[in-house]
Amino acid sequence: MMIPFVIAAVLAVAFLAMWLAAQSKVGALTGERDDLQASLGRVNGELAVRDGELKETRSQLATLEAKKASVDNELFNTKARLDDATDALRKRTELADAQALQIDSLSGERDELRQKVADSEERIATMAARPGVVVGEMPSGDAETAAAANAEVLWSLELARSERQWRNSVAIDPTSETSPFETTADPVREAVEIEAAALREDVGALISVDWQAPPIESVSRRLMIVRVAQEMLATAARVPGAARLLVTHDDESGELKMEFVSADEGGEVINLIPPQISSDLIDVRNDTGLSVTVKAE
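None of the values given here were measured: they were computed from a predicted structure. (Residues numbered from 1 in each chain as written. Predicted model: local features only at pLDDT ≥ 70, side-chain atom pairs only at ≥ 80, totals over all residues. Heavy atoms only, no water.)

Quick notes on the overall build of the chain
Selection criterion: In this text, helices come from DSSP runs of H or I with a minimum length of four residues, and strands from runs of E with a minimum of two, each type numbered from the N-terminal end. Only protein chains enter the accessibility calculation, which uses a 1.4 Å probe; a residue is then buried when its area is under 20% of its type maximum, exposed when over 50%, and partly exposed in between. Whether two residues are in contact is decided by their heavy atoms, any of which lying within 4.5 Å being enough. Each accessible area is a Shrake-Rupley result for a 1.4 Å probe, and residues are judged covered by the shown protein chains and nothing else.
A tally of regular secondary structure across the chain gives four helices and five strands. Going through the 297 residues of the chain one by one, you find that 26% of them count as buried. Put simply, 56% of the contacts in the chain that link residues at least 6 apart link residues at least 24 apart. Only carbon and sulfur atoms are counted for the fraction: they give 57% of the accessible area of the chain, which is about 19,900 Å².

Pasting the structure below:
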C-alpha cells in the first residue's frame with residue numbers, strides 16, 4: 001500500500017520542481033520581454049527623431065535645389081547679357097575706329113576748307129570795301145543791286161564761318177550731326193547763340209543769350225546784327241561773373257536792341273567797353289550800361 005503513495009509523492013515533488021522551474025523561466029522571459037519593450041520604445045523614439053531630421057534634411061535639400069536652379073538661371077541670363085554686351089562693345093569699337101578714320105580724313109578736308117574760306121572772307125571783305133566792287137558773277141544793275149549782291153555773299157560767308165565754329169567748338173560729333181542752319185527758321189539768332197556757346201566751350205565764359213526778337217528778313221541787316229553781337233560777346237567774355245545778352249525788338253520802330261545784363265536774379269545792367277562802330281544805322285550807348293541798337297533800314 002505504501003508504494004503507490006510513494007510514487008505519487010515523488011511525482012508530486014517532480015511536478016512541483018518542474019512548475020517552479022517553469023515559473024522561474026517565465027519570470028526571466030517576462031523580464032527579457034520588458035527589457036526588449038523598453039529597448040523597442042527607445043529605438044522607436046530614436047527612429048521618430050531620425051525621421052524628423054530626415055524630413056528637415058529633405059526640406060533643406062529641396063530649398064538648396066531651388067536656389068541652385070535660380071542661380072543657374074541667373075548665371076545663364078548673366079552670360080547672355082555678357083555676350084550681348086561684348087558684341088555691342090565690339091560693334092562700338094569697330095564704329096569708333098571707322099569714325100576715327102573718317103575724322104582724320106575730314107580733318108584734312110576741314111583744314112583746307114578753313115583756309116579757302118579765310119582767303120575768300122579776306123578777299124570779299126577787301127573787295128566789298130571798294131566802291132562799285134563786283135563779287136564773283138555780280139549781276140548787272142545799279143549800285144543798290146550790287147550792294148544787295150555783296151550782302152548776300154558776305155552773309156553766306158558769315159554763315160559758313162558760324163557753322164565752322166559750331167563744328168569746331170560746339171558740336172559733340174561734328175562729322176555726323178546735321179548743321180543747325182539746315183533746320184533753323186532764324187539763322188541770325190542761331191549764329192549769335194553759336195558764338196556764345198563757342199565762347200563758353202573755348203574760354204569758359206559764363207555768357208548766355210536771351211533772344212526776344214523775330215527773324216530778320218534783310219540780308220544786310222542780318223550781317224550787321226551778327227557782327228555787332230560778336231563784338232559784344234567777345235567783350236563780355238572777359239568780364240568775371242555770369243552775363244546774359246538780352247536781345248529785344250521794337251515792333252513799332254523796327255529797332256533791335258542788344259544789351260548785357262547780369263544772369264543773377266534782378267538782371268542788373270553790366271557796364272562794358274563799347275565797340276568802336278561808326279554807322280548811322282547803329283546807336284551805341286554806355287550811360288547806364290552798354291546797349292547797342294540796330295535801327296531799321
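Regarding the pairing of strand E5 (residues 291-294)
Formally: The pairing criterion for strands is at least two bridges between them, as found by DSSP.
The alternating pattern of E5 places Ser 291 and Thr 293 on one face and Val 292 and Val 294 on the opposite face, and all of these are buried. For strand E3 (residues 256-262) and E5, the ladder comprises four bridges, and the chain directions are antiparallel. Bridged to Glu 259 within E5 is Ser 291. By the bridge criterion, four bridges tie strand E4 (residues 282-285) to E5 in an arrangement that is antiparallel.

Comments concerning a nonpolar patch on the surface
As a reminder, the rule being used: For patch detection, residues must exceed 30% relative accessible area and be free of salt bridges, and they are connected within 9 Å for like charges or within 5 Å for nonpolar side chains (Val, Leu, Ile, Met, Phe, Trp, Tyr). A pairing counts as a salt bridge when a side-chain nitrogen of Lys or Arg comes within 4 Å of a carboxyl oxygen of Asp or Glu.
A contiguous nonpolar surface patch, about 560 Å² in accessible area, is contributed by Ile 3, Ile 7, Leu 11, Phe 15 and Met 18. Residue placement: Phe 15 occurs in helix H1 (residues 2-128). Assessed through its relative accessible area of 57%, Phe 15 is described here as exposed.

Details of the sheet that holds strand E2 (residues 243-249)
We apply this condition: For helices, the fitted axis covers only the stretch in contact; all axes are lines through C-alpha atoms, and the angles between them, taken along N-to-C directions, range from 0 to 180 degrees.
The strand order across the open sheet built from five strands is E1-E2-E3-E5-E4, with neighbouring strands paired in mixed fashion. Looking at which strands have only one partner, the edges of the open sheet turn out to be strand E1 (207-212) and E4. When the angles between neighbouring strand axes are averaged without regard to direction, this sheet yields 15°. Against the sheet, helix H4 (residues 219-236) makes contact with E1, E2, E3, E4 and E5, and its axis sits at roughly 15° relative to E3, the strand it touches most.

Points about the nonpolar core
Let me state the cut-off plainly: Only buried Ala, Val, Leu, Ile, Met, Phe, Trp, Tyr and Cys residues count toward a nonpolar core, and they belong to the same one when joined by side-chain atoms within 4.5 Å.
Core analysis: the largest hydrophobic core is formed by 39 residues, its most contacted members being Ile 207, Trp 211, Leu 245, Met 258 and Phe 260. Residue assignment for this core shows that the elements contributing at least two residues are helix H2 (143-170), helix H3 (187-203), E1, H4, E2, E3 and E5. Looking at this core, the element that brings in the most residues is H4, giving ten residues.

Focus on the pattern of salt bridges
Evaluated as defined, the whole model comprises 15 salt bridges. Across the salt bridge formed by Arg 227 and Glu 158, the nearest N and O atoms sit 3.2 Å from each other. One end of the pair, Arg 227, is in helix H4; the other, Glu 158, is in helix H2, and 69 residues separate them in sequence. Under the relative-accessibility criterion, Arg 227 is labelled partly exposed at 42%. In this structure Glu 158 comes out as buried when scored by relative accessible area, which is 1%. The structure contains a network of salt bridges with shared partners spanning Asp 87, Arg 90, Lys 91 and Glu 94.

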